[in-house]
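One-letter residues, chain by chain:
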Amino acid sequence: MAPISLLTSIDATSHIHLIVGSNPLAAARCAKSLEVGAKPLLVAPESAELHYALQKRIDNGEVQWLKKAFEDEDVLRLGREEINSVVDAVFVTLSPRDPLSSHISKLCQRNRIPVNVADSPSLCTFSLLSTHTDGPLQIGVTTNGRGCKLSSRIRREIASSLPPNLGAACSRLGTIRKRIQEEDHLSHLSLAETLEEDSTDQTSAFNALVTEADLDAAKSRRMRWLSQICEYWPLRRLANITDTDVDSVLKSYAANPSTSTPLDTAHLDHVEKRGRIILAGSGPGHPDLLTRATHKAILSADVILADKLVPSGVLDLIPRRTPVHIARKFPGNAELAQQELLSLGLAGLQAGKTVLRLKQGDPYIYGRGGEEFEYFRKEGYGDRISVLPGITSALSAPLFAQIPATQRGVSDQVLICTGTGRKGKPSVPPEYVDTRTVVFLMALHRISGLVADLTSHDSADAMVVGEDGEVDRRRVVWPKETPCAVVERASCPDQRVVRTTLEFVAAAIEEEGSRPPGLLVLGKACEALIKGDKGRKWVVEEGFKGFDDFVGMAGIEELVGVSEKTEGVGSVMPLVRGDSYGRELKV
């Protein structure tokens, strides 16, 4: 059986730590020494290449650099005077295969000096734990050299399972413990003096014995109570103890140590419901593309404020009991509708409710999520805002249209743009790059103007006039034969893809009509997997079939309740069942 370590905690205040080496690990060791109040001394030759973090600490005067090679006498003469100049600990950050690592380890062990050698447990007399620190609370994990990454993972898992404010609770309980000890000690002295005065003429050993037992009971009663709550109370209750509770306990105890009630605990199980705002993306359309986090938020929210374009398949997931407000956005009313949603969200927060602000796609990709975050932070709810990502249609819609946004030899970059700038003004068009895929959101309503901006310097919206009054023609315009695709209602049952070129895209939309929300994909990637039909100006593809095969493979028995096989073939009989998204599942 492998040996295990004796885990200890050390008060390293004012200790001298000798760090040998100049690499990133040496920088980390210096940082840890400074964190615990020790003084790190770095030993490295003047010619050594210092890690930038080390150099910064040296320049700031936090770390002293001894510009020399390591000498054996360093461990015996660089320490504190009160311990005869012996250093308190040595950290070797050199390679374990470096002969100096083994030499320093043997030297320190002969002189009973704690030594840690990087990546070599056999040369160490102590190791550093992966620690979680929350005020006075520290939790350390070690695998005894079997894997520092694993210990770090375990430490994170442990820390994430703890209730918040547990470190502060440790401080408060420590205050109670200290004050109880002080009060018990004073009470003991006071009672002892009284007994001494009252028993001058009494010699009964029986009376003296009973009095001593009473003193011991008075001294330990509150300490036993404190030990019991630390041992048996749920951590959540302990974490909810407040400064007011501490004062209540101490005042009650000071007034009557023998009979006072330690603590009224009724409120500790009550968690005050504070308002919370969640900005979440609902994805491109299909409810199966929601993240689990957003789905949980939909089921648990007290009120939901949804964008107008959040599809019905997602809205159908909202519990009937949950109030839902759909943004009343239409041309000319966008800003008023946005302000209305913000006001409703703020009212919900002030009422202590969990408000879900449900957006299409991702909240930070042209979803005004950043603006809303700033609004609620300015209202004083910065610590009550959560932002959940969503699958943006800018990247998923091309995928559902079988357009790879990037493909080796075709496209090595993706640019996401808006076709409509602030307050409806056109945005500056990007220049043509042969290997770039550009996705335009909110552009189809002004497709003719956008095409003109992209393919000409003389378009009113794209024209740049220099100081000499001449039109700046340095921007590379887009060839009209550039492949493009319009993807509308991506991942919804009525998804539509129009494949064409810049030359004909405006005419295609005018003739086929609009089916918002939609976007424009532009670049050679549009023909990377599906080549255009040279005999047609555009091609229209109807319907979304992206999950049919996936659903059919994911447990047919689960969907239809039975699997029937054709005789001698072993194939599944065609059955039909409707799903919650309104489609027919053919399996």
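Up top you'll find the structure we're talking about.
In what follows, the accompanying structure is described. Not measured: the values here are computed from a predicted model. (Residues numbered from 1 in each chain as written. Predicted model: local features only at pLDDT ≥ 70, side-chain atom pairs only at ≥ 80, totals over all residues. Heavy atoms only, no water.)

### Let's talk about the sheet that holds strand β17 (residues 518-522)
With respect to topology, 6 strands assemble into an open sheet ordered β13-β14-β17-β15-β16-β18, the strand pairing being mixed. Only two strands of the sheet have a single neighbouring strand rather than two, namely β13 (413-418) and β18 (539-542). The average undirected angle you get between the axes of adjacent strands in this sheet is 20°. Sheet topology note: the strand β15 (residues 483-488)/β17 ladder contains 5 bridges and is antiparallel. (Pairing = 2+ DSSP bridges. Helix = DSSP H or I, 4+ residues; strand = E, 2+ residues; numbered from the N terminus. Axes fitted to C-alpha atoms, helices over the stretch in contact; angles between N-to-C directions.)

### Observations concerning the packing of aromatic side chains
Scanning the model with the defined rule gives 4 aromatic pairs in all. With centroids separated by 5.5 Å and ring planes inclined at 80°, the aromatic side chains of F91 and F126 adopt a geometry described as edge-to-face. Separated by 35 residues along the polypeptide, F91 in strand β4 (residues 89-92) and F126 in the loop between β5 (115-117) and β6 (130-134) bring together distant segments of the chain. Take F91: its relative accessible area is 6%, and that puts it in the buried class. Among the residues examined, F126 registers a relative accessible area of 22% and is labelled partly exposed. For the ring pair Y375 and F376, a centre distance of 5.1 Å and an interplane angle of 80° mean the geometry is edge-to-face. F376 carries the same exposure label as Y375, and that label is buried. Directly above the aromatic system of W233 lies the positively charged group of R237, at a separation of 4.6 Å from the ring centroid. (Phe/Tyr/Trp six-rings, centres within 6.5 Å; stacked < 30°, edge-to-face > 60°. Buried < 20%, exposed > 50% of the residue type's maximum accessible area, 1.4 Å probe, protein only. Lys NZ or Arg CZ within 6 Å of the ring centre and 35° of its normal.)

### Brief notes about the nonpolar core
Ranked by size, the top nonpolar core spans 22 residues in total, and within it F440, I447, V505, L520 and L522 carry the most contacts. At the level of secondary structure, the elements contributing two or more residues to this core comprise β14 (436-441), α15 (447-455), β15, α16 (505-512) and β17. The contacts of L522, once residues within four sequence positions are left out, are R436, T437, V438, F440, L454, W478, T482, P483, C484 and L502. Membership of the second largest hydrophobic core comes to 20 residues, among which are L66, L78, I104 and I113. (Core = buried A, V, L, I, M, F, W, Y, C linked by side-chain atoms within 4.5 Å. Contact = heavy atoms within 4.5 Å.)

### Let's talk about the pairing of strand β3 (residues 64-67)
Bridge count between strand β2 (residues 39-44) and β3: 4 bridges; the pairing is parallel. By the bridge assignment for β3, A44 is matched with K67. Taken together, β2, helix α2 (residues 52-59) and β3 constitute a β-α-β crossover, and its handedness is right-handed. (Right-handed = clockwise from strand over helix to strand, strands pointing away.)

### Brief notes about the sheet that holds strand β1 (residues 16-20)
Spatial ordering of the open sheet is given by β3-β2-β1-β4-β5, a layout of 5 strands whose pairing is parallel. Edge positions in the open sheet fall to β3 and β5, since each of these has one partner strand only. Neighbouring strand axes in the sheet, compared pairwise and without regard to direction, differ in orientation by 20° on average. Here β1 runs beside β4; their pairing, made up of 4 bridges, is parallel. Counted as the bridge partner of V20 is V92 from β4.

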